[in-house]
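Given next are the chains, with one letter for each unit.
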Amino acid sequence: MSNPTIIDIISPIMAGPSSSHTAGAVRLGLLARNVYNSNFDKVVFKLYNSYAQTGKGHGTDKGLLAGVLGFNVDDIRIKNIFDTPEAKKIKYVFEFLEVFNRHPNAVDIIFDGDLHLEISGNSIGAGEIEITGINDYQIKIDGKYNTLLLIYGDEPGVISHVTKIIQENEVNIAFLHCCRNSSGEDASMTVCLDGELSNDQLKRISKLNDMYIIRYIKKLES
Amino acid sequence: MRITTFQELEEVCLNRNKNIYEVMMTSETQSGENTEYHTRLQATRSLFAMNNAINVGLKSTETSISGMSGDNCAKLQENFGKNKSLFTPTLQKIMTYALAISEENVRMGTIVACPTAGSCGIVPSVIISYAQDNNISQDEQINALITAGAIGKIVALKLPLAGAVGGCQAECGVASAMASGALTQMRGGNVSQIINSVGLALKNILGLTCDPVCGLVEIPCIKRNAFFAIHAVTASELAMADIVSMIPTDEIVDAMAQTAQLMSPLLKESAKGGLAKTKTAIELERNKSMV
Ligand code: SF4
């Protein structure tokens, strides 16, 4: 947060005790939920490093679970999330790991249900977060923008097709991040937008060749 | 005009004969960062949540997840009720509220990060206690909270408000400066006095480390909130007496940012030095049932 506003300084309203380890955890869960965007009956959380060492004491485990269940950072039920009917409906497992090349506050959230998806993210301080990976694709979503996430067969011209459709409605692209997976055949694209995409635009993007995953992820409330 | 320093802020306020909260909201509106409407709305919500945290925290003795804390506020209230204090009733209230909110924080209660969760008791305890005892309207409290936010914002342009980057200078230290400015404003201090109170408060917290025991936002954080709430009052008293810091507030912020850089990473939230590595802290860590 290099250029905060007055609002950033006097908020968020949140369940304590830590912006990075509690509020950040809830937001990571929420954003992962939006990325997954399907029904699930099991979630595995792998907490790394500082998240593993001080996670229980900071309620990081409760925050992550609350987030994937759709609770907001200021929800008073977070404290007793394990006892809520929402939590009792699903299976969840926490693993605590030390891996030196992961971020100090890293987590993998592995959903099982309609589909199997592994989502990785970091809590980078002051409640700010980033989703950095989905399965073995590198992506970058921070929840501050409405974001279009695409995973597709890497062919020439896809980027320009997509950006053309986006710009038709005069939606401004704030950031665009592209990346190829390790085999080099598939690519991911994250497009952060200043406005909203229409259903029609989304439909047309999904009809482009070789689109495997398409997600429109709404920004998080701050 | 986008305002980035306390000097600019003071000049613009004096030239236009406006308050800090007005000038800073106009500045954010003009630069497209936020509208006055949204800022006021969030300040109103935050103030409401702060009051709630106090009310809940005053009545609770539930322990934190780690089991290390939770009954300080109850003990303080009991003692204020029983024994004579050197503090006036308002000062007693400030300390009590600061503990109430900070303990609510470690119980996973709902608080307002202001500027951070670890320092969440300082600004609200000062604003709300003073307001309750001096008939300050809700609007004026909101104005005070916006001024506090504006102060934190200007500091944050030079130093991120996070213990991991700036040590506790950047959390409880800045919270104390924010509270001091807000208080000075509610007391009718002028813009120069408000900005001076910020400088005075910051000057006295330079070098404050972040070395929480077991890596949890608990020891020393909870009690530190009570200390720094009172610290804010001291800075305001000095400022209202026109005792001026020889070093201007912006330069103090520069010194704070430099101090943050010079501070060992062992003392910046890593729990690898200072209090966190005392004999007792290591024992606590070994015994803790958390992880
Ligand atoms: S000591 Fe560290 S964790 Fe505690 S309030 Fe200060 S900066 Fe936050």
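Residues numbered from 1 in each chain as written. Chains lettered and ligands numbered in written order. Predicted model: local features only at pLDDT ≥ 70, side-chain atom pairs only at ≥ 80, totals over all residues. Heavy atoms only, no water.

Turning our attention to empty space enclosed by the protein. Residue and element names in this part refer to chain B. Here the structure, examined in full by the defined rule, presents 2 cavities of 30 Å³ or more. Estimated volume of the largest cavity: approximately 40 Å³. Forming the walls of the largest cavity are Met1, Ile3, Val12, Arg16, Val23, Thr26, Ser27 and Gln30. In terms of residue class, the lining of the largest cavity is made up of 4 nonpolar, 3 polar and 1 charged. Taken as a whole, the second largest cavity encloses approximately 30 Å³ of empty space. Ser102, Asn105, Val106, Ala117, Gly118, Val217, Cys221, Ile222 and Asn225 are the residues that line the second largest cavity. When residues of the lining of the second largest cavity are traced back to their parent elements, those giving at least two are α5 (89-106) and α11 (221-240). (1 Å grid on protein atoms, 1.4 Å probe; cavity = no way out; pocket = protein on both sides within 12 Å on 5 of 7 lines; lining within 4 Å. Points joined across faces, edges and corners; volume = space filled by probe spheres on them. Nonpolar A, V, L, I, M, F, W, Y, C, P; charged D, E, K, R; others polar. Helix = DSSP H or I, 4+ residues; strand = E, 2+ residues; numbered from the N terminus.)

This part takes up the confidence of the model for chain A. When pLDDT is averaged across chain A, the result is 92; 99% of the residues are at 70 or more. For chain A, per-element mean pLDDT is lowest for strand β9 (residues 173-180) of chain A, which scores 89, and highest for helix α5 (residues 85-88) of chain A, which scores 98. (pLDDT = per-residue confidence, 0-100.)

Our next topic: the layout of surface pockets. Here the second largest pocket defines a volume of roughly 1,000 Å³. When the residues that make up the lining of the second largest pocket are grouped by side-chain class, the tally is 21 nonpolar, 18 polar and 11 charged.

A word on the packing of helix α4 (residues 72-82) of chain B against α5(B). Residues and elements named next belong to chain B. At a closest axis distance of 8 Å, the pairing of α4 and α5 adopts a crossing angle of 160°. With respect to each other, α4 and α5 are oriented roughly antiparallel. Considering the relative orientation of α4 and α5, their crossing is left-handed. Here Asn72, Cys73, Leu76, Gln77 and Phe80 of α4 come into contact with α5, specifically with Gln92, Met95, Thr96, Leu99, Ala100 and Glu103. Its residues placed into classes, the contact of α4 with α5 shows 6 nonpolar, 4 polar and 1 charged. (Axes fitted to C-alpha atoms, helices over the stretch in contact; angles between N-to-C directions. Parallel < 35°, antiparallel > 145°, perpendicular 65-115°, else oblique. Left-handed = near helix turned anticlockwise from the far one by under 90°. Contact = heavy atoms within 4.5 Å.)

Our focus in this paragraph is the interface of chain B and chain A. Taken residue by residue, the interface counts 46 residues in chain B and 30 residues in chain A. Of the roughly 3,000 Å² buried where chain B meets chain A, counting both sides, 64% is carbon and sulfur surface. Linking chain B with chain A are 1 salt bridge. Notably, a salt bridge pairs Lys79(A) with Glu62(B), separated by 3.3 Å at the nearest N-O pair. (Buried area = accessible area lost by both parts, 1.4 Å probe. Salt bridge = Lys/Arg side-chain N within 4 Å of Asp/Glu carboxyl O.)

Now for the domain arrangement of chain A. All names here are of chain A. Here chain A is described as being made up of domain 1 (6-135) and domain 2 (146-217). At the interface, 9 residues of domain 1 touch 5 residues of domain 2. Applying the counting criterion to the domain 1 and domain 2 interface returns 0 salt bridges. At the surface where domain 1 touches domain 2, the tally comes to 2 residue pairs in polar contact (both at pLDDT 80 or more). (Domains from an automatic or database assignment. Polar contact = N/O pair within 3.5 Å; in protein donor to acceptor, adjacent residues only side chain to side chain.)

Residue and element names in this part refer to chain B. Taken together, Gly118, Gly163, Cys168, Glu171, Cys172, Cys210, Cys221 and Arg224 make up the full set of residues adjacent to the ligand. When atoms are counted within 2 Å of each cavity's grid points, the one that captures over half of the ligand is the second largest pocket. Across the shell around the ligand, the residue classes break down as 4 nonpolar, 2 polar and 2 charged. (Near = heavy atom within 4 Å. Sits in = over half its atoms within 2 Å of the grid points.)

What follows covers the pairing of strand β2 (residues 40-48) of chain A. Pairing analysis gives 7 bridges linking β2(A) to strand β4 (residues 106-113) of chain A, with the strands arranged antiparallel. Paired with Lys46(A) across the two strands is Asp108(A), which belongs to β4(A). (Pairing = 2+ DSSP bridges.)

This brings us to the packing of aromatic side chains. Residues and elements named next belong to chain A. According to the stated counting rule, one finds 8 aromatic pairs over all chains in the structure shown. Aromatic side chains Phe40 and Phe111 sit 5.0 Å apart centroid to centroid with 65° between the ring planes, which places their arrangement in the edge-to-face category. Of this pair, Phe40 sits in strand β2 while Phe111 sits in strand β4; the two residues are 71 residues apart in sequence, bridging distant segments of the chain. Overall, Phe40 belongs to the buried group, its relative accessible area being 17%. A relative accessible area of 0% places Phe111 in the buried class. Aromatic side chains Phe82 and Tyr92 sit 5.7 Å apart centroid to centroid with 15° between the ring planes, which places their arrangement in the stacked category. Taken as a pair, Phe82 in the loop between α4 (60-68) and α5 and Tyr92 in strand β3 (residues 91-97) lie far apart in primary sequence, 10 residues in all. Using a relative accessible area of 27% as the deciding quantity, one classes Phe82 as partly exposed. Among the aromatic side chains, those forming a connected cluster through ring pairs are Phe45, Phe82, Tyr92 and Phe94. The aromatic ring of Tyr48 is capped on one face by Arg102, whose charged end is 4.3 Å from the ring centroid. (Phe/Tyr/Trp six-rings, centres within 6.5 Å; stacked < 30°, edge-to-face > 60°. Buried < 20%, exposed > 50% of the residue type's maximum accessible area, 1.4 Å probe, protein only. Lys NZ or Arg CZ within 6 Å of the ring centre and 35° of its normal.)

Here the focus is the sheet that holds β9(A). By definition, the strands of a sheet pair up through backbone hydrogen bonds, in either a parallel or an antiparallel sense. All names here are of chain A. Judged by pairing direction, the sheet is antiparallel, and its 4 strands sit side by side in the order β9-β10-β8-β11 without closing on themselves. Of all the strands in the sheet, the pair left with one neighbour each is β9 and β11 (211-217). Sheet twist, expressed as the mean angle between neighbouring strand axes with direction ignored, is 10°. In this sheet, β11 lies alongside strand β8 (residues 146-153) in antiparallel orientation, the contact comprising 6 bridges.

Turning next to the pattern of salt bridges. Pairing is possible between side chains that carry opposite charge, provided their charged atoms lie close to one another. Tallied over the full model, the rule gives 21 salt bridges over all chains. A salt bridge links Arg107(B) to Glu104(B); the shortest N-O distance between them is 2.7 Å. Arg107(B) gets classed as buried once you look at its relative accessible area, which sits at 2%. Judged by its relative accessible area of 5%, Glu104(B) is buried. Among the ionic contacts, a cluster of salt bridges with common partners joins Asp75(A), Arg77(A) and Glu86(A).

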